[in-house]
Amino acid sequence: MGMRRDSERPADDHGKRPRTFMCRDDLYRAFEARAGELECSVDWLIAEAMKRLLKSEKAPASILKPLPPGTARMTPPPPPPRSRAKSSAVMPFVMPSLPPRPPPPPAPSRSIALRVGDVRALVGSDRFVLGRSSKEAHFELRDPNVSRQHAMIERTPEGFVVVDMASTNGVSVNGVRVTRAAIRAGDVIEIGPFAIAVETA
């Protein structure tokens, strides 16, 4: 703590004489810095601070009481006026609305049926072979234009497909020659002279 003595200076024209006061060095440096900003003396700044404190309704009663002779008391200066800072309020985060999701596609059927005339066969396995051989095919098509293992119905995660098994006369779906094609209820598979209707199981 340092002591600042200004009483050596003579009184001014109004009979005012500077007084001695005590304060911490860092506080006095703060007064000097503030006085430099306001372009005034430290004495004037401290005097104004004291006046405002004594006029304040919030001043402690102990400050307003007269002091005993020879007693010194330190009085903190009022805080410097603060410049209005820009509002730093944080705006609440609003989650943007998302478009509704499209409905999921219908799950592929787990089984289908094949019909030739009055004969109907359920396709429930992952691989279902059509051909002329009763021993090598699940669905027998008796005709010399049909290979022993002519085509296969294969179940995939996306649905059923028909696959040509390197047959002699080929496979068509809805009149179009194919080697591999997706099929669903309502399609017609053509093998030799046979028109095989695909139905819902």
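### Let's talk about the overall build of the protein
- Along the protein, the regular secondary structure elements total 3 helices and 13 strands.
- Residues classed as buried in the protein amount to 30% of the 201 residues present.
- The long-range share in the protein, meaning contacts at least 24 apart out of those at least 6 apart in sequence, stands at 32%.
- When the accessible area of the protein is evaluated, it comes to approximately 15000 Å², of which 54% is carbon and sulfur surface.

### A closer look at the confidence of the model for the protein
- The pLDDT averaged across the protein works out to 79; a share of 69% of its residues lies at or above 70.
- Throughout residues 1-8 the model reports pLDDT below 50, and contacts reaching past four residues in sequence, or to other chains, amount to 23 contacts.

### A closer look at the environment of A49
- Here A49 shows up in helix α2 (residues 42-55).
- Sequence spacing of A49 and P79 is 30 residues, and the spatial spacing of their C-alpha atoms is 9.0 Å.

### Digging into the pattern of salt bridges
- Applying the stated criterion across every chain yields a total of 9 salt bridges.
- Between E48 and K51 there is a salt bridge whose closest N-O contact spans 3.5 Å. Placement of both E48 and K51 in helix α2 is noted, with a separation of 3 residues, approximately one turn of the helix.
- Look at K51 and you get partly exposed, because its relative accessible area is 43%.

### Some remarks on unusual backbone geometry
- Located in the positive-phi region is A166, a residue other than glycine, with phi close to 55 degrees.
- Phi at N174 is positive, roughly 55 degrees, even though this residue is not glycine.
- Position of N174 among the secondary structure elements: in the loop between β9 (171-173) and β10 (176-178).
- Residue classification places N174 among the partly exposed residues on the basis of a relative accessible area of 44%.

### Quick word on the sheet that holds β10
- An order of β4-β3-β13-β12-β9-β10 is seen for the 6 strands of this open sheet, with the pairing classed as antiparallel. Because the sheet does not close on itself, it has two edges, and the strands there are β4 (119-123) and β10. Sheet twist, expressed as the mean angle between neighbouring strand axes with direction ignored, is 30 degrees.

### A look at helix α1 (residues 25-38)
- Over its 14 residues, α1 runs 20 Å from end to end, which matches the ideal 20 Å to within 8%, given 1.5 Å per residue.
- Three or more residues of α1 are buried, namely Y28, F31, R34 and A35. Along the axis of α1, the buried positions cluster into a sector of 120 degrees, meaning they face one direction only. Those residues of α1 that are exposed and aimed more than 90 degrees away from the buried face are R29, G36 and E37.
- Immediately downstream of α1, the backbone of E39 shows phi near 55 degrees, a positive value.

### Considerations on the side chain of T156
- Note on placement: T156 falls in strand β7 (residues 151-156).
- Filtering out sequence-adjacent residues up to four positions away, T156 remains in contact with V161 and R180.

### Brief notes about α2
- In a regular helix each residue adds 1.5 Å, so 14 residues correspond to 20 Å; α2 covers 20 Å between its end C-alpha atoms and thus fits that length.
- If you check which residues of α2 are buried, you get V42, L45, I46, A49 and L53. Around the axis of α2, the buried residues are gathered within 95 degrees of arc, so they sit on the same side.
- One side-chain oxygen of the residue at the start of α2 lies 3.1 Å from the amide nitrogen of W44, identifying that residue as S41.

Reading the values: the criteria
- Residues numbered from 1 in each chain as written.
- Predicted model: local features only at pLDDT ≥ 70, side-chain atom pairs only at ≥ 80, totals over all residues.
- Heavy atoms only, no water.
- Helix = DSSP H or I, 4+ residues; strand = E, 2+ residues; numbered from the N terminus.
- Buried < 20%, exposed > 50% of the residue type's maximum accessible area, 1.4 Å probe, protein only.
- Contact = heavy atoms within 4.5 Å.
- Areas by Shrake-Rupley, 256 points an atom, 1.4 Å probe, with all protein chains shown as cover.
- pLDDT = per-residue confidence, 0-100.
- Salt bridge = Lys/Arg side-chain N within 4 Å of Asp/Glu carboxyl O.
- Pairing = 2+ DSSP bridges.
- Axes fitted to C-alpha atoms, helices over the stretch in contact; angles between N-to-C directions.
- Expected span 1.5 Å × (residues − 1).
- Arc of directions from axis to C-beta.
- Polar contact = N/O pair within 3.5 Å; in protein donor to acceptor, adjacent residues only side chain to side chain.

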